[in-house]
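Examining the three-dimensional arrangement
Residue-level listing of the chains:
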Amino acid sequence: MASEKSKILVVGATGYLGRHVVAASARLGHPTYAFVRDTAPSDPAKAALLKSFTDAGVTLLKGDLYDQASLVTAAKLADVVISTLGSMQLADQTRLIDAIKEAGNVKRFFPSEFGLDVDRTGIVEPGKTILSGKVAIRRAVEAAGIPYTYATAGFFAGYALPSVGQVLAHGPPVDKALILGDGNTKAVFVEEGDIGTYTVLAADDPRAENKTLYIKPPANTLSHNELLDLWEKKTGKKAERVYFPEDEVLKKIQESPMPLNIILAIGHAAYVRGEQAGFEIDPAKGADASELFPEVKYTTVDEYLNRFL
């Protein structure tokens with residue numbers, strides 16, 4: 001019953017992914033709280049987003065990550081806290097951990113993750129240093145004894161698919177398609193709304209407690225070559241495929257400025273090392289979202305690519 005569903009607090013609610021988590025939580029019938037700095041922003045786009053939240057029955061909670069009292073007050077209202085904070089605030093999630101501990105009632109915490117599994121990645125620098133912040137937060141959550149779920153999801157469709165998987169290009173291939181590695185390593189592409197849905201479904205599911213949730217829908221787990229095949233079939237146009245062997249990719253990472261070097265490091269981890277899909281999930285430590293929630297009608301890569309035709 002809806003009344004038995006957990007009360008969910010989303011911190012980072014108006015961010016790129018946060019808005020999708022808020023929408024999914026409300027749609028799935030959870031009493032939902034969006035933690036925001038300003039409940040009446042002057043920015044029209046942000047005001048419209050907050051209106052869409054309240055129209056969906058979401059309660060806006062005014063507060064700030066750097067105001068501990070507001071964090072504790074918000075945490076006391078929730079059964080589950082989902083953080084979708086951006087990269088610049090990842091380290092400051094220790095404040096959220098402290099607030100959850102002080103509140104004492106939160107049954108599950110999702111720190112801001114949603115990319116590579118940081119406990120098993122071999123990502124090269126500068127990605128390793130960037131992701132070490134997520135590792136530190138995981139250890140802090142565990143040390144605090146807070147029940148958790150770490151949601152990982154491969155590539156966000158909104159970032160990866162407009163370029164049809166190319167890391168070194170911003171749009172679909174015209175004459176050439178630029179591919180890291182041999183193009184045969186499987187990667188994962190997930191629509192942001194679906195990431196929200198799987199995350200919220202896991203919030204009340206004991207099978208996801210104290211585990212890493214791997215969001216990798218079967219139809220969206222495909223190699224870069226397969227992704228390009230799909231695109232070429234839709235457009236009826238072929239592009240020359242230019243492959244960058246691993247040593248060239250590593251050299252490019254070292255020579256590129258920020259943030260391209262980080263983007264390339266993530267691309268190398270996914271497309272060359274196969275870190276998004278090329279492994280078996282240890283059932284003691286992880287769970288496959290598609291197996292837990294087979295009823296989810298997710299957006300397939302095939303459907304998503306139609307947006308660019």
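Residues numbered from 1 in each chain as written. Predicted model: local features only at pLDDT ≥ 70, side-chain atom pairs only at ≥ 80, totals over all residues. Heavy atoms only, no water.

The name an unreviewed UniProt entry gives the chain is NmrA-like domain-containing protein, with Urochloa decumbens as the organism.

1. Some words on the pattern of salt bridges
Scanning the model with the defined rule gives 15 salt bridges in all. The salt bridge partner of D55 is K51, with a shortest N-O separation of 2.9 Å. Note that D55 and K51 are positioned in helix α2 (residues 44-55) at a spacing of 4 residues, about one turn of the helix. Given a relative accessible area of 56%, D55 falls into the exposed group. Across the pair R241 and D229 runs a salt bridge whose closest N-O atoms are separated by 2.7 Å. With R241 in strand β12 (residues 240-244) and D229 in helix α8 (residues 224-235), this pair connects stretches of sequence that are 12 residues apart. Counted as one network, the salt bridges with shared partners bring together E113, D117, D119, R138, R139 and E142. (Salt bridge = Lys/Arg side-chain N within 4 Å of Asp/Glu carboxyl O. Helix = DSSP H or I, 4+ residues; strand = E, 2+ residues; numbered from the N terminus. Buried < 20%, exposed > 50% of the residue type's maximum accessible area, 1.4 Å probe, protein only.)

2. Re the packing of aromatic side chains
Counted under the stated rule, the structure contains 8 aromatic pairs. Ring geometry for F156 and Y159: centres 6.1 Å apart, planes at 10°, overall stacked. Looking at F156, the relative accessible area reads 16%, which means it is buried. Seen in terms of ring centroids, Y304 and F308 are 5.8 Å apart; in terms of plane orientation they differ by 55°. Their pairing is tilted. Classification of Y304 as buried rests on a relative accessible area of 8%. Under the relative-accessibility criterion, F308 is labelled partly exposed at 29%. A connected cluster of aromatic rings, assembled from ring pairs, spans Y16, F156 and Y159. The ring of F279 carries the charged tip of R120 above its face, separated from the ring centre by 3.8 Å. (Phe/Tyr/Trp six-rings, centres within 6.5 Å; stacked < 30°, edge-to-face > 60°. Lys NZ or Arg CZ within 6 Å of the ring centre and 35° of its normal.)

3. Digging into the sheet that holds strand β10 (residues 211-214)
Taken together, 3 strands build an open sheet; the order of strands is β6-β10-β13 and the sheet is parallel. Every interior strand has two partners, whereas the edge strands, β6 (149-152) and β13 (286-288), have only one. Geometrically, the sheet is characterised by an average inter-axis angle of 25° between neighbouring strands, direction not taken into account. Relative to β10, β6 is paired through 4 bridges, and the arrangement is parallel. Note that in β10 the partner of Y150 across the bridge is T212. (Pairing = 2+ DSSP bridges. Axes fitted to C-alpha atoms, helices over the stretch in contact; angles between N-to-C directions.)

4. Notes on the UniProt feature "domain: NmrA-like" (unreviewed entry) in the chain
UniProt annotation of "domain: NmrA-like" (unreviewed entry) refers to residues 4-305 when read in the numbering used here. Along residues 4-305 one finds 40% helix and 17% strand; the C-alpha atoms at either end are 38 Å apart. (UniProt positions renumbered as here; feature names shortened; annotations may be inferred.)

5. Some words on the nonpolar core
Membership of the largest hydrophobic core comes to 39 residues, with the highest contact counts inside it found for A34, F53, I82, I195 and I215. Residue assignment for this core shows that the elements contributing at least two residues are β1 (8-11), α1 (18-27), β2 (32-36), α2, β4 (80-83), β9 (186-190), α7 (192-203) and α11 (289-292). With 5 residues, α7 is the largest single contributor of residues to this core. In this structure A34 touches V10, A13, V22, F53, V58, T59, L60 and L61, once residues within four positions along its chain are discounted. If you look at the next biggest cluster of nonpolar residues, it comprises 30 residues, including L131, A160, I179 and A265. (Core = buried A, V, L, I, M, F, W, Y, C linked by side-chain atoms within 4.5 Å. Contact = heavy atoms within 4.5 Å.)

6. Here we look at the sheet that holds β4
An order of β3-β2-β1-β4-β5 is seen for the 5 strands of this open sheet, with the pairing classed as parallel. Each of the sheet's edge strands pairs with one partner strand only, and the pair in question is β3 (59-62) and β5 (108-110). With strand direction ignored, the average angle separating the axes of adjacent strands in the sheet is 20°. As defined by bridge partners, β2 adjoins β3 across 4 bridges and the pair is classed as parallel. From the neighbouring strand, Y33 faces β3, where its bridge partner is T59.

7. Concerning the environment of G127
In this structure, G127 sits in helix α5 (residues 127-144). Between the C-alpha atoms of G127 and D282, which are 155 residues apart in sequence, the distance is 24 Å.

8. Points about the pairing of β9
Burial analysis of β9 places 4 of its 5 residues in the buried class, the great majority of the element. Sheet analysis places β9 next to strand β11 (residues 221-223), joined by 3 bridges and oriented antiparallel. Among the inter-strand pairings, A187 is bridged to a residue of β11, identified as L222.

9. Some words on α2
Here α2 is 12 residues long and its end C-alpha atoms lie 16 Å apart, about the 16 Å a rise of 1.5 Å per residue gives. For α2, the secondary structure elements touched by its buried residues are α1, β2 and β3. The N-capping residue of α2, defined by a side-chain oxygen 3.1 Å from the backbone nitrogen of A45, is D43. Count one or two residues on from α2 and you reach G57, which has phi positive near 95°. (Expected span 1.5 Å × (residues − 1). Polar contact = N/O pair within 3.5 Å; in protein donor to acceptor, adjacent residues only side chain to side chain.)

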